[in-house]
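Letter by letter, the chains look like this.
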Amino acid sequence: MARGEGRIDVESVSRNQMEPVVAVDTDGTVAFANERFYAISGLAEETAVGSDFAVFGRIVEAGFEALETAVKSVLSGDSTAERVELSMRHPEEAPVPRRLPAEARATPIRLEDGFGDGGADEVGDETTDATDDGVDGVIVSLRKIGTRKAYERQLERQNERLEEFASVVAHDLRNPLNVAEGHLELAGEECESTHLEAAETALGRMWRIIDDTLTLAKQGQYVGTNEHVSLSTFLEQCWATVDTGDAALALETDLTIEADPDRLRNLFENLFRNAVEHGSAHDNSVTVRVGAID
């Protein structure tokens, strides 16, 4: 056949699919099924075609009721497409029967879209009346999603371990933090020092970090809100909380940016710490410069 000649109809496409495909008529009966469906279900074409769509349940281990609801929704015109996750039966020739995670997709057939001649439905033997919404049937196709499901299960296990780890770390940190705060309070009663205020601020930040970490691990939520941050003042505060030794900070910007202050503080403190530690290994006089670029 030369390019551009002839028609590619639903039946031609569906027969070449590697996964089960069934066309459902407006009255809920099977108008067509491809070879893969017959191979898995063990049915012959003369048995399947004309039968109620319930025959599709022969290749579904779990989730058929949800699929049936989805098909009815598309047939009635209430939905333009539906996706349902279910368990598909393994082919009978398989040595070990098992369930296969699969996704069923139900999409409408409309003859005016180019499938057929506008009269009889090409995937059936007889002319069928379209619904008031212009739906002449539904194509139901299955595809295995084992790889995706395996990834989702792995991700769930990782999230569970992360939540458990975060809870253990938070619990272990609370006791020493409480002790530190107690001693800080006693020290404040015995003497006055600017160092006490800095220590109190640092302890407060540690409590916020613990709370944020727990929230992220358990709920996956974004923590914090963006604010306008003046970098010149902000960076001096970050520098003051890092053990910088004899290093110097050179600020070459008064830029104001929009950011989450807690996240931004963590970022710059880590940058400053790394710059000082790695820079001092080669030169005792380290200067860290912060400026804006185009």
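Residue positions are given per chain, counting from 1 as you read along its sequence in written order. The predicted nature of this model means local features are confined to residues of pLDDT at least 70 and side-chain atom pairs, given and counted, to a pLDDT of 80 or more, with totals for whole chains, interfaces and linings taken over all residues. Side-chain metrics in this entry use all non-hydrogen atoms of the structure; hydrogen atoms and water are not considered.

Please explain the side chain of Thr253 as it appears in this structure.
Mapped onto the secondary structure, Thr253 falls in the loop between strand 8 (248-252) and strand 9 (256-259). Under the scheme applied here, a residue whose accessible area is under 20% of the maximum for its type counts as buried, over 50% as exposed, and between as partly exposed, the area being computed with a 1.4 Å probe on protein chains only. Residue Thr253 is classed as buried on the basis of its relative accessible area, which comes to 12%. A polar contact is formed between the side chain of Thr253 and the backbone nitrogen of Leu255, at a distance of 3.0 Å. Sequence-distant contacts of Thr253, defined by excluding residues within four places in its chain, comprise Ser232, Val290, Gly291 and Ala292. What counts as a helix is a DSSP run of H or I of at least four residues, what counts as a strand is a run of E of at least two, and both are numbered from the N terminus. Two N or O atoms form a polar contact when they lie within 3.5 Å of each other; inside protein one atom must be a possible hydrogen donor and the other a possible acceptor, and for residues adjacent in sequence the pair counts only when both atoms belong to side chains. Only heavy atoms matter for contacts: two residues are in contact if any of them lie within 4.5 Å across the pair.

Before we go on, may I ask you to explain helix 7 (residues 231-240) in this structure?
All of the buried residues along helix 7 are Leu231, Phe234, Leu235, Cys238 and Trp239. All buried residues of helix 7 fall inside an arc of 140° around its axis, so they share one side. Structural note: helix 7 exposes Glu236 and Ala240 on the side pointing more than 90 degrees away from its buried face. Each element contacted by the buried residues of helix 7 is listed here: strand 7 (227-230), strand 8, strand 9, helix 8 (261-280) and strand 10 (287-291). In this description, one arc is meant: the one made by directions from the helix axis to the C-beta atoms.

Can you help me understand the environment of Glu68 in this one?
Looking at the element boundaries, Glu68 is found in helix 4 (residues 64-75). Judged by relative accessible area, Glu68 falls into the partly exposed class, the value being 24%. Put simply, Glu68 and Gly57 are 11 residues apart on the chain and 9.2 Å apart in space, counted from C-alpha to C-alpha.

Would you mind showing me how to read the confidence of the model for the protein here?
Confidence along the protein averages 77 in pLDDT terms, with 78% of residues attaining 70 or more. pLDDT is a per-residue confidence score from the predictor, ranging from 0 to 100. A low-confidence stretch, residues 113-131 stays under pLDDT 50, and its non-local contacts, those more than four residues away or across chains, total 34 contacts.

Got a minute to help me understand helix 4 in this structure?
Side chains three or four residues apart in an α-helix point the same way, a direct result of the helix having 3.6 residues per turn. For a helix, the expected span equals 1.5 Å multiplied by the residue count minus one. Compared with an ideal rise of 1.5 Å per residue, which puts 12 residues at 16 Å, helix 4 spans 16 Å between its outermost C-alpha atoms and is within 8% of the ideal. Within the span of helix 4, buried status applies to Phe64, Leu67, Ala70, Val71, Ser73, Val74 and Leu75. The positive-phi residue at the C-terminal boundary of helix 4 is Gly77, with phi of around 85°.

What am I meant to see in the environment of Gly245 here?
Of note, Gly245 is situated in the loop between helix 7 and strand 8. Sequence separation between Gly245 and Val276 is 31 residues, and the spatial gap between their C-alpha atoms is 8.2 Å.

Explain the pairing of strand 2 (residues 30-33) here, please?
On a regular strand, each side chain points to the face opposite its neighbour's, so the side chains alternate between the two faces of the sheet. In this description, strands pair whenever DSSP reports at least two bridges between them. As judged from the three bridges shared by strand 1 (residues 21-24) and strand 2, these two strands associate in the antiparallel manner. Counterpart to Ala23 in the pairing with strand 2 is Phe32. A loop of five residues connects strand 1 with strand 2, the two strands running antiparallel in sequence, and Gly28 in this loop sits at a positive phi of about 85°.

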